[in-house]
Protein chains: 2
Amino acid sequence: RKRILVTGGAGFVGSHLVDKLMMEGHDVVVVDNFFTGRKRNVHHWIGHPHFELINHDITKPLHLQCDQIYHLACPASPPHYQHNPIKTIKISALGTLNMLGLARHVKARMLLASTSEVYGDPQVHPQREDYWGNVNPIGPRSCYDEGKRVAESMCYAYQKQENISIRVARIFNTFGPRMHPNDGRVVSNFIMQALQGHDITVYGDGKQTRCFQFVSDLVEGLYKLMNSNNNLPTNLGNPVETSISAFARYIRKHVNASVSIKYLPAAIDDPHQRKPDITRARTLLGWQPVVDLDTGIRKTVEYFQKELSQM
Amino acid sequence: RKRILVTGGAGFVGSHLVDKLMMEGHDVVVVDNFFTGRKRNVHHWIGHPHFELINHDITKPLHLQCDQIYHLACPASPPHYQHNPIKTIKISALGTLNMLGLARHVKARMLLASTSEVYGDPQVHPQREDYWGNVNPIGPRSCYDEGKRVAESMCYAYQKQENISIRVARIFNTFGPRMHPNDGRVVSNFIMQALQGHDITVYGDGKQTRCFQFVSDLVEGLYKLMNSNNNLPTNLGNPVETSISAFARYIRKHVNASVSIKYLPAAIDDPHQRKPDITRARTLLGWQPVVDLDTGIRKTVEYFQKELSQM
Ligand SMILES: NC(=O)c1ccc[n+]([C@@H]2O[C@H](COP(=O)([O-])OP(=O)(O)OC[C@H]3O[C@@H](n4cnc5c(N)ncnc54)[C@H](O)[C@@H]3O)[C@@H](O)[C@H]2O)c1
Ligand SMILES: NC(=O)c1ccc[n+]([C@@H]2O[C@H](COP(=O)([O-])OP(=O)(O)OC[C@H]3O[C@@H](n4cnc5c(N)ncnc54)[C@H](O)[C@@H]3O)[C@@H](O)[C@H]2O)c1
Ligand SMILES: O=c1ccn([C@@H]2O[C@H](COP(=O)(O)OP(=O)(O)O)[C@@H](O)[C@H]2O)c(=O)[nH]1
Ligand SMILES: O=c1ccn([C@@H]2O[C@H](COP(=O)(O)OP(=O)(O)O)[C@@H](O)[C@H]2O)c(=O)[nH]1
Ligand SMILES: O=c1ccn([C@@H]2O[C@H](COP(=O)(O)OP(=O)(O)O)[C@@H](O)[C@H]2O)c(=O)[nH]1
Ligand SMILES: O=c1ccn([C@@H]2O[C@H](COP(=O)(O)OP(=O)(O)O)[C@@H](O)[C@H]2O)c(=O)[nH]1
């Protein structure tokens, strides 16, 4: 039984990870300032003797004892992270520095939730971990992309210099229950639009592609990565690729909605194509996604339907 | 007459910039912790009523009044910045954040000394400012490269969100008097080796290229950029390209030394080719280098000869 810190544990991914860690019988401490997360995501654990929730901003130092740190705190959706770019950069730069300082101090292992965005608008497909990426250092996405890149860089600097045990997950687009309905990412937008009878909004020509991974697969991957010997950056994503316009039609059909698909101007620096090469996770972690899109989307639609009925 | 802060003003580039600013009649404050810089570089100004020298580490907050900030503090030579990668990242990330916070607080304009290293090992030649670069986010150079990239990203975040006036200079290899003899960069290494009768050490096959700019040209460019309306990242470099092995032969001949050229293993992730496209600086600043290599190297050799005679 380990003492495990989860930063951003009240968020979408973090709260599912907390469920897994609690079920495995660990002591879990969530640190979250509820910037994009919600207390209700972890509400079912409040009062449990192995669970603690700390309201704290990780851009400020944090002092506690733990064996492992899953460092997830960071807004993840483009409209959120672009809304306050200074805050976004501070979270990745200062937040990660603080968590590495903590890891060093208490000799904990730290896993960074990095992102496929470190590859930017990739020119190589699918993306392997040794691809160096194509990121605009000064564009509107750079607060997030460069923040995560420097966070990775910090991890390897602390590993080399202070012998900190680090793990780096490069997470590709993930969806599932507990996404915030107003999160602004494509899965929640399309489902909410279809459910509410609004037009589905495709940004650009819709030919850009993404790969969607269900959150339980990601959580399994994060857990395996943390407890493996693999300290290389590791892609965690579902390699099934789909274009955004095909995805719009898919969601419309799935929800059985008679809404139109509306094409809006493209987002600046929107990556054109993205698909993980998961050979490393497959071989070093024995991990691969097991939930197919239909199953994942069904569960997510059910969740948003319940959300809507409570609004 | 302006109150001008120069971080890293006791370093190689910073001290020449200070000379220029003092000659122009400004009030100059140097903030430096003498990590790679030396007090003697600005010794001739100490006691001058318009000059102040503050011993301070800019990873910690700084509070003073000023109109302009030239933010140069950062080790610049690969052996120095790789020696303590954590420190290097902190200087770029925390140091730049602090200087932007200061700029915001006192409504100063801030110029960031960025680098051609934001292009990494470029795949496009020459490098224009709209090239996104090819940087290894986790390699031994990443503490510097990613640090500078996130520093640029911070500048544009503060510009967008807080309306801070920012200037971003992407500086290409620069040389001249006051380089530290043990700095470890190619120009000082080769000249010192030739002067001392040691073998000249070429890393790798010597086919990699660089462009060398004399420091007075750079200082002129920095000054013009600061006082221009151009807030785009701007390359400052001399487009004359030379291979490192040709440069080794050139220095040997120049110094008239009968030393051998020794080929050592290549440095990891060493950029293969680098050359600035300076169209932007030419058109927006009316700037271009005016000192040719022979003149610049002659002055630099004289400087190192004097240094050696005092050792
Ligand atoms: N979901 C994805 O598709 C995806 C893809 C790539 C990477 N990621 C990464 O995974 C992590 C979690 O993403 P998510 O989708 O769960 O996002 P989320 O926004 O739901 O969760 C982030 C959590 O961090 C918290 N947080 C933000 N700033 C904080 C601060 N300064 N101090 C303390 N807590 C803070 C938020 O309140 C929230 O609970 C992020 O680091 C994100 O970059 C997610
Ligand atoms: N010289 C080049 O070829 C070149 C090329 C590209 C970019 N640059 C950039 O130009 C700037 C100056 O480079 P340089 O060649 O003069 O290097 P330098 O090492 O001679 O100067 C850096 C100065 O910053 C000071 N410093 C370092 N850390 C500090 C801290 N935490 N607080 C306060 N002061 C600190 C050092 O003591 C030194 O005086 C750097 O930002 C560098 O990245 C230089
Ligand atoms: O238990 C700890 C230890 C450190 N830190 C923070 O982590 C950062 C990096 O720590 P490190 O020990 O590497 O650096 P230093 O304290 O020397 O700046 C610092 O800003 C600390 O405030 C923290 O939040 N908790
Ligand atoms: O309402 C929306 C939201 C997003 N997108 C597009 O869907 C893709 C995925 O966007 P998301 O914000 O979910 O994540 P990203 O992968 O861009 O970080 C991008 O091409 C977006 O432009 C869209 O067409 N409509
Ligand atoms: O005069 C100032 C004002 C701010 N800062 C530092 O600059 C950083 C960013 O400042 P900002 O005002 O953006 O952020 P905040 O103070 O809200 O964190 C902070 O860490 C401050 O300590 C500074 O060194 N001098
Ligand atoms: O003693 C030396 C120092 C450097 N170099 C090479 O010279 C080039 C320029 O190196 P420097 O450290 O001056 O600056 P960089 O441009 O790599 O930051 C690189 O290819 C180095 O590998 C070399 O061959 N011998």
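In what follows, the structure referred to is the one given above.
Residues numbered from 1 in each chain as written. Chains lettered and ligands numbered in written order. Predicted model: local features only at pLDDT ≥ 70, side-chain atom pairs only at ≥ 80, totals over all residues. Heavy atoms only, no water.

Observations regarding the packing of aromatic side chains
Residue and element names in this part refer to chain A.
- This structure, assessed with the given rule, holds 16 aromatic pairs over all chains.
- Ring centres of Phe175 and Phe214 lie 5.6 Å apart, and the angle between their planes is 65°; this geometry places the pair in the edge-to-face category. Of the two residues, Phe175 is situated in strand S7 (residues 174-175) and Phe214 in strand S10 (residues 213-214); the sequence distance between them amounts to 39 residues.
- In this structure Phe214 comes out as buried when scored by relative accessible area, which is 5%.
- Members of the aromatic cluster, each reached through a chain of ring pairs, are Phe190, Phe212, Phe247 and Tyr250.
- The ring of Phe35 carries Lys87 above its face, with NZ or CZ at 4.1 Å from the centroid. (Phe/Tyr/Trp six-rings, centres within 6.5 Å; stacked < 30°, edge-to-face > 60°. Helix = DSSP H or I, 4+ residues; strand = E, 2+ residues; numbered from the N terminus. Buried < 20%, exposed > 50% of the residue type's maximum accessible area, 1.4 Å probe, protein only. Lys NZ or Arg CZ within 6 Å of the ring centre and 35° of its normal.)

A short note on the site of ligand 3
- Close to ligand 3 lie Pro61(A), Leu62(A), His63(A), Leu97(A), Asn98(A), Gly101(A), Leu102(A), Arg104(A), His105(A), Tyr158(A) and Lys90(B).
- Mapping the residues adjacent to ligand 3 onto the chains of the assembly identifies chains A and B.
- One of the side-chain N or O atoms of Lys90(B) is found 2.8 Å from an oxygen atom in ligand 3.
- Within the complex, the protein chains bury 70% of what would otherwise be the 510 Å² of accessible surface of ligand 3.
- The dominant element in the shell around ligand 3, judged by the number of residues it contributes, is helix H3 (residues 85-106) of chain A, at 6 residues. (Near = heavy atom within 4 Å. Polar contact = N/O pair within 3.5 Å; in protein donor to acceptor, adjacent residues only side chain to side chain. Areas by Shrake-Rupley, 256 points an atom, 1.4 Å probe, with all protein chains shown as cover.)

So, the pattern of salt bridges
- In the structure shown here, the tally under the stated rule is 32 salt bridges over all chains.
- Here Lys20(A) makes a salt bridge to Glu220(A), at a shortest N to O gap of 3.2 Å. With Lys20(A) in helix H1 (residues 12-23) and Glu220(A) in helix H6 (residues 215-226), this pair connects stretches of sequence that are 200 residues apart.
- Judged by relative accessible area, Lys20(A) falls into the buried class, the value being 16%.
- In this structure, Arg210(B) engages Asp270(B) in a salt bridge whose closest nitrogen and oxygen atoms are separated by 2.9 Å. Taken together, the residues Arg210(B) in strand S9 (residues 209-211) and Asp270(B) in the loop between strand S13 (261-264) and helix H8 (279-285) connect sequence positions 60 residues apart. You'll find Arg210(B) and Asp270(B) in the same group, each marked buried.
- Because the salt bridges share partners, they merge into one network encompassing Glu117(A), Arg141(A), Arg210(A), Asp270(A) and Arg274(A). (Salt bridge = Lys/Arg side-chain N within 4 Å of Asp/Glu carboxyl O.)

A closer look at the relation of the copies chain B and chain A
- Placing chain B over chain A gives an RMSD of 0.0 Å and needs a rotation angle of 180°, together with 0.0 Å of translation along the axis. Expressed as a symmetry operation, the mapping of one chain copy onto the other fits a two-fold axis.
- Interface residue correspondence from chain B to chain A reaches 100%, placing this contact among same-surface, isologous pairings. (Least-squares fit on C-alpha atoms with pLDDT ≥ 70 in both. Contact = heavy atoms within 4.5 Å.)

Comments concerning the site of ligand 2
All names here are of chain B.
- Ligand 2 sits among 28 residues. The nearest are Val13, Asp32, Thr36, Leu72 and Tyr144.
- Between ligand 2 and Phe34, the relevant distance is 3.5 Å, taken from an oxygen atom to a main-chain nitrogen or oxygen of the residue.
- A distance of 2.6 Å separates an oxygen atom of ligand 2 from a polar side-chain atom of Tyr144.
- Coverage of ligand 2 by the protein chains reaches 97% of its 820 Å² of free accessible surface.
- Looking at the shell around ligand 2, the elements with two or more residues in it are helix H1 (12-23), strand S5 (109-115) and helix H4 (142-162).
- The greatest single-element share of the shell around ligand 2, amounting to 3 residues, is contributed by S5.
- Each residue belonging to the shell around ligand 2 can be placed in one class, and the counts come to 14 nonpolar, 10 polar and 4 charged. (Nonpolar A, V, L, I, M, F, W, Y, C, P; charged D, E, K, R; others polar.)

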